[in-house]
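Descriptive structure summary
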Amino acid sequence: MPTAAFVLPMSDRDGAIAANRIFSASAMASDVSSGKRAGLPVLPVAGALTVDSDFEDRFGFLVPQPFSLDLPDPGDGEINVAYPDTADGVYLRISISTLADGLVEELDVVPLRIGAQGASARRHAMSRLFITRVFADLTQRYINKSLEGVSIYALSGTHAVVLNGTYWDPRAGDIAVRIYGIMPALGENGLIFYERRYAERAPASARFSEQIVRSVTFQ
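So, how was this worked out
Along each chain, the written sequence defines residue order, and numbers are assigned to residues from 1. Given that the model is predicted, a residue must reach a pLDDT of at least 70 before its local features are reported, and side-chain atom pairs must reach 80 or more before they are shown or counted; all residues, however, enter totals for whole chains, interfaces and linings. In computing side-chain values, all of the structure's heavy atoms are included and hydrogens and water are not. Secondary structure elements are defined from DSSP: runs of H or I of at least 4 residues count as helices, runs of E of at least 2 residues count as strands, and each element is numbered from the N terminus. Think of it in three bands: with a 1.4 Å probe and only protein chains considered, a residue is buried below 20% of the maximum accessible area for its type, exposed above 50%, and partly exposed in between. It only takes one pair of heavy atoms within 4.5 Å for two residues to be counted as in contact. The Shrake-Rupley method, run with a 1.4 Å probe, gives the accessible areas here. Residue values count only the displayed protein chains as cover. Whenever Lys or Arg places a side-chain nitrogen within 4 Å of a carboxyl oxygen from Asp or Glu, that contact is recorded as a salt bridge. Stacked, tilted and edge-to-face pairs are distinguished by plane angle, under 30 degrees for stacked and over 60 for edge-to-face with tilted covering the rest, among Phe, Tyr and Trp rings (Trp via its six-membered ring) whose centres lie within 6.5 Å. The set of buried Ala, Val, Leu, Ile, Met, Phe, Trp, Tyr and Cys residues whose side-chain atoms join them within 4.5 Å is what this entry labels a nonpolar core. pLDDT runs from 0 to 100 and stands for how confident the predictor is about each residue.

1. Structural notes on the overall build of the protein
When its secondary structure is counted, the protein shows 4 helices and 14 strands. Taken over 219 residues, the protein has a buried fraction of 52%. Taking contacts inside the protein between residues at least 6 apart in sequence as the whole, the part at least 24 apart equals 60%. For the protein, the computed accessible surface area is about 9,500 Å², with 52% contributed by carbon and sulfur atoms.

Below is the structure:
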């Protein structure tokens, strides 16, 4: 299957949306049956992660807005983080597994740039982007897709939205999707968090990916 690339322009006429890297649908959708992670090294980690100038030096990946996030304690499970060995558009791919169920969630962290200013304009730009382009591109290889809508996401000190949707993967069953757009109150650079939750495996009591999203701090 050919690689499907999702590319956002660096700027547009109304200053709404841009991104600094290719956003690859084939890289974002992991091969669940084989456990591949798009050629990225997978390392077990715990605690806080920071993406800043040191990350730029290590991976050659532009970080216009440094940030940090915290990884929750998965109990008897495991959290792994894949780092890019080439700049493929994904800062981090975080996978969460439990002893009983195996892989239950994956979360990709991707740069986002929004030229619009003000909370309302930014949320509108992100919502339009997620509805018209991101969800369709990232789920194009799957069937039985349902986009359930975009809403304001309450996260202190940020302008944020979240898209909810589902699709069906013949190898993994029902997948619940959340796409979060998070912008700091000032500046044009923020983050997309793309969450895949394997609904038939994931414990109902925990949303590890959302805990990670809610921990993000812009520097």
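Additional details are given in the paragraphs that follow.
2. Here we look at the pattern of salt bridges
Enumeration over the complete set of coordinates arrives at 8 salt bridges. The closest approach of N and O atoms between D169 and R171, which form a salt bridge, is 3.3 Å. Residues participating in the shared-partner salt-bridge network are R93, E106, D108 and R196.

3. Notes on the packing of aromatic side chains
For the coordinates displayed, the defined rule picks out 8 aromatic pairs. A centroid spacing of 4.7 Å and a plane angle of 55° characterise the contact between F55 and F59, whose relative ring orientation is tilted. With F55 and F59 both in helix α2 (residues 53-59) and 4 residues apart, this pair spans about one turn of that helix. Comparing F55 with F59 shows no difference in burial state: the two are buried. A centroid spacing of 5.1 Å and a plane angle of 70° characterise the contact between Y153 and Y180, whose relative ring orientation is edge-to-face.

4. Points about the nonpolar core
Residues Y91, L92, I94, I182 and F193 are the most contacted members of the largest nonpolar core, which totals 34 residues. Among the nonpolar cores identified, the runner-up in size contains 25 residues, and L112, A125, V134 and Y194 belong to it.

5. Let's talk about the side chain of S68
Position of S68 relative to the elements: it lies in strand β6 (residues 67-71). Apart from residues lying up to four places away in sequence, S68 is in contact with L49, T50, S215, V216, T217 and Q219.

6. Comments concerning the confidence of the model for the protein
Summing up the model confidence of the protein, the mean pLDDT is 78 and the portion of residues at 70 or higher is 76%. By mean pLDDT, strand β1 (residues 5-7) is the weakest element of the protein at 28, and strand β14 (residues 217-218) is the strongest at 96. Scored below 50 in pLDDT, residues 1-43 makes 125 contacts in the model with residues more than four places away or belonging to other chains.

7. Considerations on the side chain of S127
Residue position: S127 is located in helix α3 (residues 119-138). Judged by relative accessible area, S127 falls into the buried class, the value being 17%. Not counting residues within four places of it along the chain, the set of residues in contact with S127 comprises V150 and V161.

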